[in-house]
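# Structure at a glance
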Amino acid sequence: MSRALAEPALPARRGDAWRYILTLALLIPLVFAHLHLASALPFARQWAVITGAAEGSFEALEFGLSALPRLVMALLVGAAMGLSGSVLQQMTQNRLVSPMTIGASSGAWLGLVCATLWLPSVAAGHGQWAALAGALFAVGLVLLIAGRDGIAGLPIVLAGMAMNLLLGALAAGVTLVNNQYTRGLFVWGAGDLAQIDWHRVEWLWPKLLVGLLVMALAPRALTLLQLGADGARARGLSLWPVMLTLFLVSIWLTSVSITAVGLIGFIGLLTPNLARLFGARTSRDELLFSTLLGAVLLTATDAVALYINTWTTDLVPSGAAAALIGAPALLWLSRRQLSAEDPRGLQLPDGAERMDRRHLAWAVLFAVAALTVSVALARSLDGWSFAWPDALIWSLRWPRMLTAAAAGCGLAISGMMLQRLLRNPLASPDILGLSAGATLAVMVALMLFGGSLLGFTAPIAAFVGSLVVLAILLLLGRRHAYSPALMALVGISLTALLNAALQFGLAKGTADAFALLGWLAGSTYRVSPAQAVALTVGVLVLGSLSLVFHRALTLISIGDGVARSRGLNVTLTRVGLLVLVSLLCALVTSLMGPVAFLGLLAPHMAAILGARRALPQMLLASALGASLMLLADWLGRTLIFPLQIPVGIVASVICGTYFVYLLVRRRLA
């Protein structure tokens, strides 16, 4: 629990009025800057349009129907996000809680995407209810995983960010499958404040009026909640009805905002922390000042996006600009405000103490079944068939099967090594940001040097990118002895930051940049036989090197002191093996694109089956990873035949769903 939230409410100081005055004084030039960037009209003409004295020129029409409603929308959504974040943080006494970090934003977005596709009339008129249902479902799962004891610490944030990855993959899969209907949702999903009239503003502002009731009625309840559940009850507070009401109102503010403009992250996280940093000490003061700061911050963020749009060929979504600002703040807050040795860190499900014949038989059966189905069971225009494919089909199928198997094997080995080297059960290339760093580096290399997406440049750039992210992780985690929960949160924050930078890069609009869009989903259908063989050879060589160091992995996972007492140079060995992990991750990502959750789940499945020692775990995890990717590739080929789903999305959904299931089952047990 943060110190600022744990202290009782204190009387407002005389300087609080000056804080509001200075913030409003900052908002005024921001408004002028925003209008200047959004419209070519001079300020005098803009004022004439506002007062109705200007003639109906095209520039005046554009200002009145685009620039002005965009500014109002930024103010409204920023205020709503700031208020929602403040309510959630005061309720949970956790500075890292916000609609984004507990999964509400991604849940609302998935609900809205599904309603847009399957219930378009409902989404058009009442999309906020679909968003609210999705947000409540996501947050309900997060609360179930974290439990009552995890609400005030890192577990709820880690569970929420994992839910973001899963629901984001689901939303991406649904959008890609129905791309003929959802093309407009890509930019909207990244957070788009652009307006063409006043319709959305007129739709949104009445639904945000509930925030006024929150600011009027909630401060007393939130103040009592700072005393703890027992203290609040002793002073006459009906705890659960009040908390449920405040929670629903906060999720409602988030849902209607997402319905209006799409995903805008981090505003709800930053503003309450800034409010406390600038002196807000009472619950009412924090609610009011967070609301004001939210409007200021989103207006400033959107102004940054507008400025970048002046020298890019495509529009930069405001959500990307917000993530570029908010992700470093999450990094800072996670390292500064919460204890690295959080006693309520997420624990993985227990498994067998050792691998017996029954567990080994299940693993072998799964691998054989995945290989058999991938080779022989196919879907065609004539229906389903189970037979060895003919020569033409086999020549098209075996490269992607080999690529999927090699990629799954490489990601599983890299995830297993990361977990043992960092002694972190939540480590994997995607969770720690290595995949995102490789992806961003490939994009930058293509923009700077050109060339083919799958050429010689991509693996080198991917290796450099993942190595840079790894160095940042080690630097940031050193202060807290590489605490598992903290390292996972730092990695997720880095992933959000790198993905925001990726969106900025894609907004440049070059041909090479747009060639990345399909690759980002993790695809195998573009891979040639030579590339599939090269990836397989590379994974086999690097995997064999990993096997050589299985004893070092065992010793390091026990403890540095034990490893040194056995004559191991811990520093040199750890750095060398982490470089090996980066090579594996870069090799797979440069060809396949990013794949989430597989490097996290395969080692856990191996441990659950009883592979507790390093060598058996590595071998079994690599086999399970290859089998999972083969199964994902087969599902991508057959689920919506004759269309296909990228294997990266299918694998992320399968592995993410199973991982969430394991966490929920652990909690229920």
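See the structure shown above.
Note that the structure is predicted; figures quoted are calculated from it, not measured.

## A short note on the overall build of the chain
Within the chain, the regular secondary structure consists of 29 helices and two strands. Across the 669 residues of the chain, 58% fall into the buried class. The contacts in the chain between residues at least 6 apart in sequence include a share of 80% that link residues at least 24 apart. Accessible area for the chain stands at about 27600 Å²; split by element, carbon and sulfur atoms hold 69% of it.

## A closer look at the nonpolar core
Met-417 and Met-629 are the most contacted members of the largest nonpolar core, which has 171 residues in total. With 13 residues, the single largest contributor to this core is helix H18 (residues 391-421). Look past the residues within four positions of Met-629 in its chain and what remains in contact with it is Ala-404, Ala-407, Gly-408, Met-592, Val-595, Leu-598, Val-647 and Ala-651.

## Overview of the packing of helix H5 (residues 104-118) against helix H6 (residues 120-146)
Between H5 and H6, the least distance of the axes is 6 Å, while the angle of their chain directions is 145°. The handedness of the crossing between H5 and H6 is right-handed. Each of Ala-104, Gly-107, Ala-108, Gly-111, Leu-112, Ala-115, Thr-116, Leu-117 and Trp-118 in H5 lies in contact with H6, whose residues at this interface are Pro-120, Ala-123, Gly-127, Ala-130, Ala-131, Gly-134, Ala-135, Ala-138 and Val-139. Class assignment of the residues belonging to the contact of H5 with H6 gives a composition of 13 nonpolar, five polar and no charged.

## Structural notes on the pattern of salt bridges
Within this structure, the stated rule accounts for five salt bridges. Ionic pairing is found between Asp-633 and Arg-400, a salt bridge with its closest N-O pair at 3.1 Å. Here the residue Asp-633 occupies a position in helix H28 (residues 614-638), and Arg-400 occupies one in helix H18, the gap between them amounting to 233 residues. For the pair formed by Asp-633 and Arg-400, the shared burial category is buried. Notably, a salt bridge pairs Asp-633 with Arg-637, separated by 3.1 Å at the nearest N-O pair. Linking Asp-633 with Arg-637, this pair stays in helix H28, spanning four residues, or about one helical turn. One exposure class covers both Asp-633 and Arg-637, and it is buried. Taken together, the shared-partner salt bridges connect Arg-400, Asp-633 and Arg-637 into one network.

## Quick notes on the packing of aromatic side chains
Inspection of the entire model under this criterion finds six aromatic pairs. Aromatic pair Phe-32 and Phe-43: ring centres 5.4 Å apart, planes at 85°, arrangement edge-to-face. Placement of Phe-32 in helix H2 (residues 15-38) and of Phe-43 in helix H3 (residues 43-51) is noted, with a sequence separation of 11 residues between them. With 5.1 Å between their ring centres and 45° between their planes, Trp-129 and Trp-252 make a pair best called tilted. Here the residue Trp-129 occupies a position in helix H6, and Trp-252 occupies one in helix H13 (residues 239-261), the gap between them amounting to 123 residues. Accessibility expressed as a relative area gives 49% for Trp-129, which makes it partly exposed. Classification of Trp-252 by relative accessible area gives buried; the value is 15%. The lysine or arginine in question, Arg-19, covers the ring of Phe-289, its NZ or CZ lying 4.6 Å from the ring centre. One residue, Arg-200, lies across the ring of Trp-203, its end atom 5.4 Å from the ring centre.

## Let's talk about helix H14 (residues 267-277)
Of all 11 residues that make up H14, nine are buried, and the element is covered over most of its length. Every buried residue of H14 is accounted for by Ile-267, Gly-268, Leu-269, Leu-270, Thr-271, Pro-272, Asn-273, Ala-275 and Arg-276. Gly-279 occupies a position one or two residues after H14 and carries a positive phi of about 110°.

## Comments concerning the packing of H28 against helix H29 (residues 647-668)
H29 packs onto H28 with a crossing angle of 120° between their chain directions and a minimal axis gap of 8 Å. Taken together, H28 and H29 sit at an angle that is classed as oblique. Between H28 and H29 lies a crossing of right-handed hand. Here H28 contributes Leu-628, Met-629, Ala-632, Asp-633, Leu-635 and Gly-636 to the contact with H29, which in turn contributes Val-647, Val-650, Ala-651, Ile-654 and Cys-655. Residues that form the contact of H28 with H29 fall into these classes: nine nonpolar, one polar and one charged.

## Some thoughts on helix H26 (residues 570-592)
In a regular helix each residue adds 1.5 Å, so 23 residues correspond to 33 Å; H26 covers 32 Å between its end C-alpha atoms and thus fits that length. For H26, the side-chain oxygen to backbone nitrogen distance between the N-cap and Leu-572 is 3.2 Å, and the N-cap itself is Asn-569. Just downstream of H26, Gly-593 is the residue with a positive phi angle, here 90°.

## Side note on the environment of Val-527
By the secondary structure assignment, Val-527 is in the loop between helix H22 (511-520) and helix H23 (529-548). On the basis of relative accessibility, which here comes to 10%, the residue Val-527 falls in the buried class. Considering only alpha carbons, one finds Val-527 and Leu-402, 125 residues apart in sequence, at a separation of 9.9 Å. Leaving out residues up to four positions away in the same chain, Val-527 has contacts with Pro-399, Thr-403, Ala-532 and Leu-591.

Cut-off values and rules
- Residues numbered from 1 in each chain as written.
- Predicted model: local features only at pLDDT ≥ 70, side-chain atom pairs only at ≥ 80, totals over all residues.
- Heavy atoms only, no water.
- Helix = DSSP H or I, 4+ residues; strand = E, 2+ residues; numbered from the N terminus.
- Buried < 20%, exposed > 50% of the residue type's maximum accessible area, 1.4 Å probe, protein only.
- Contact = heavy atoms within 4.5 Å.
- Areas by Shrake-Rupley, 256 points an atom, 1.4 Å probe, with all protein chains shown as cover.
- Core = buried A, V, L, I, M, F, W, Y, C linked by side-chain atoms within 4.5 Å.
- Axes fitted to C-alpha atoms, helices over the stretch in contact; angles between N-to-C directions.
- Left-handed = near helix turned anticlockwise from the far one by under 90°.
- Nonpolar A, V, L, I, M, F, W, Y, C, P; charged D, E, K, R; others polar.
- Salt bridge = Lys/Arg side-chain N within 4 Å of Asp/Glu carboxyl O.
- Phe/Tyr/Trp six-rings, centres within 6.5 Å; stacked < 30°, edge-to-face > 60°.
- Lys NZ or Arg CZ within 6 Å of the ring centre and 35° of its normal.
- Parallel < 35°, antiparallel > 145°, perpendicular 65-115°, else oblique.
- Expected span 1.5 Å × (residues − 1).
- Polar contact = N/O pair within 3.5 Å; in protein donor to acceptor, adjacent residues only side chain to side chain.

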